[in-house]
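These are the residues of each chain, in order.
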Amino acid sequence: MKSIKPETWRGYEFSDISQEESCTVYYLSDKEGGKGIMRVYEVLPGILMSYDILDMKSCYQDVPTVEGYIQINYCNEGCFEFELDTGEIGFIGAGDLAVCDPSSSRFVNSRIPYGKYRGISVMIQIEKAQKSITERIPEALLDLCGIARRMFEMNSTNLIRANPSLEHIFCELYHIDERISKPYGRL
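The structure presented is a predicted model; accordingly, all values stated were derived computationally and were not measured. (Residues numbered from 1 in each chain as written. Predicted model: local features only at pLDDT ≥ 70, side-chain atom pairs only at ≥ 80, totals over all residues. Heavy atoms only, no water.)

A. Here's a closer look at helix α1 (residues 126-136). Here α1 has its buried residues at I126, A129, Q130, S132 and I133. Seen end-on, α1 carries its buried residues on one side only, within an arc spanning 165°. Opposite the buried face of α1, at more than 90 degrees from it, the exposed residues are E127, K131 and E135. Where α1 is buried, its residues touch β3 (35-44), β4 (47-55), β5 (69-84), β9 (117-125) and α2 (144-152). (Buried < 20%, exposed > 50% of the residue type's maximum accessible area, 1.4 Å probe, protein only. Helix = DSSP H or I, 4+ residues; strand = E, 2+ residues; numbered from the N terminus. Arc of directions from axis to C-beta. Contact = heavy atoms within 4.5 Å.)

B. Representation of the packing of α1 against α2 within the structure. Their axes nearest at 9 Å, the elements α1 and α2 cross at an angle of 135°. For the element pair α1 / α2, the angle class is oblique. Here α1 contributes I126, A129, Q130 and I133 to the contact with α2, which in turn contributes L144, C145 and A148. Of the residues assigned to the contact of α1 with α2, the class counts are six nonpolar, one polar and no charged. (Axes fitted to C-alpha atoms, helices over the stretch in contact; angles between N-to-C directions. Parallel < 35°, antiparallel > 145°, perpendicular 65-115°, else oblique. Nonpolar A, V, L, I, M, F, W, Y, C, P; charged D, E, K, R; others polar.)

C. Quick look at the side chain of S50. Residue position: S50 is located in strand β4. Residue S50 is classed as buried on the basis of its relative accessible area, which comes to 0%. A distance of 2.4 Å separates a polar atom in the side chain of S50 from a polar atom in the side chain of D52. Once you skip the residues sitting within four places of it in the chain, S50 turns out to touch W9, M38, R39, V40, G119, I120, S121 and M123. (Polar contact = N/O pair within 3.5 Å; in protein donor to acceptor, adjacent residues only side chain to side chain.)

D. How the structure looks around the nonpolar core. Within the largest apolar cluster, 25 residues are counted, with the highest numbers of intra-cluster contacts made by I47, I70, I72, I124 and F170. Elements that contribute at least two residues to this core include exactly β3, β4, β5, β7 (97-100), β9, α1, α2 and α3 (164-174). Excluding anything up to four places from it in sequence, F170 contacts I72, Y74, L97 and I120. (Core = buried A, V, L, I, M, F, W, Y, C linked by side-chain atoms within 4.5 Å.)

Written out as structure tokens, the structure is:
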């Protein structure tokens, strides 16, 4: 299997990268001895899903913005705080969702206040994912460009607080057997 390299992580420095049968594993470390593991699966061409386990105070790195993506971050456990170059400050806790446009603002800082974050990140490369979805599920009539335009016309980051519908979708993804996480993620 080829290594999965999310463009949205361009410029990140990892302490190690390894290849497993169905995913690429990225290892992080911070100055205080904290550790992080991110298991990245390509669920469809243009759509990557990362299962994130961060036991650290911050995973911040100064990286450039990237065009043509939607990034979705779901917090299953713990919390994550971030500051953008626009001055926006965001906080997601258990059950919360952040939907970001990684082209219009850059992280200038982040913290994991309790030193523990468990979550899922979905990186959608709009053009490539649109083609994959249209080929595999034409009846969905999904317009990712239109969704991104509407979603980000007012803010580059949208926070959605915990609710039963989100929890149902993401908890199922988070607690799925690793052997079927890729096909389940497609659903």
